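Working through the structure, step by step
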Amino acid sequence: MQDDRGARPKRADARRNEKTLLDAAAAAFVESGVDVPVRDIAARAGVGTATIYRHFPTRADLIIAVYRHQVEACAEAGPALLESCATPHAALARWIDLFVDFLVTKHGLASALRSDEAGFEALHAYFLDRLVPVCGRLLQAAADAGEIRSGLDAYQLMRGVGNLCIGADTDTRYDARRLVGLLVAGLRRPG
């Protein structure tokens, strides 16, 4: 069986290995930024550097793959949280926490891809296409449950959260998660 590009689909173990690499890279990016040495990512994943380069020939390839992996994880988490959390507002708050983690992971993406403006724009469009609807569904579920004000815009909320996260990775005195928590609490319906 082949995918639409004519390449063979990856075996289940290859997909698991790639996921392990992407998870390790994402954790390393959060901890040390996107310029973390590949050997550190390899050690975290329990593989050799050649394995990383086999999957991701360039640092930009790895960064883009981590970005897409994190977008998908965040998108898939929304419906799962709605099913598993006690309330839609609790699901929204947990999802926003995941979104904050994602935003920290993507710091450095723009500078790493500076030479490929079209590629960066395509990634941003992908990000919006996948995550704005998920946030919208969470907001709607919480509004339908009477937990938050109705009529809140998912894009605006996500943009506000993103703005609150700016600089959080470089200023140890700034706790973006605390301010984002206040924002999410402020969505509650008065009364």
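Looking at an unreviewed UniProt entry, the protein chain carries the name TetR/AcrR family transcriptional regulator, with the source organism given as Actinomadura sediminis.

**A word on the nonpolar core**
Trp 95, Ile 96, Phe 99, Leu 131 and Val 161 are the most contacted members of the largest nonpolar core, which totals 35 residues. With 10 residues, helix H7 (residues 117-144) is the largest single contributor of residues to this core. Those residues in contact with Ile 96, other than ones at most four positions away along the chain, are Leu 157, Val 161, Val 180 and Val 184. Of all hydrophobic cores here, the second largest spans 19 residues; its members include Ala 25, Val 36, Ile 41 and Ala 45.

**A closer look at the pattern of salt bridges**
By the definition in use, this model includes five salt bridges. Ionic pairing is found between Asp 23 and Lys 19, a salt bridge with its closest N-O pair at 2.6 Å. Linking Asp 23 with Lys 19, this pair stays in helix H1 (residues 12-32), spanning four residues, or about one helical turn. Residue classification places Asp 23 among the partly exposed residues on the basis of a relative accessible area of 32%. A residue is classified by how much of its surface remains accessible, and Lys 19, at 44% relative accessible area, is partly exposed. The closest approach of N and O atoms between Glu 31 and Arg 44, which form a salt bridge, is 3.2 Å.

**A short note on the environment of Leu 183**
By the element assignment, Leu 183 lies in helix H9 (residues 176-185). Separated by 23 residues in sequence, Leu 183 and Gly 160 have C-alpha atoms that sit 8.7 Å apart. Those residues within four positions of Leu 183 in sequence are excluded, and the remaining contacts are Leu 157, Val 161 and Leu 164.

What counts as what
Residues numbered from 1 in each chain as written. Predicted model: local features only at pLDDT ≥ 70, side-chain atom pairs only at ≥ 80, totals over all residues. Heavy atoms only, no water. Core = buried A, V, L, I, M, F, W, Y, C linked by side-chain atoms within 4.5 Å. Buried < 20%, exposed > 50% of the residue type's maximum accessible area, 1.4 Å probe, protein only. Helix = DSSP H or I, 4+ residues; strand = E, 2+ residues; numbered from the N terminus. Contact = heavy atoms within 4.5 Å. Salt bridge = Lys/Arg side-chain N within 4 Å of Asp/Glu carboxyl O.

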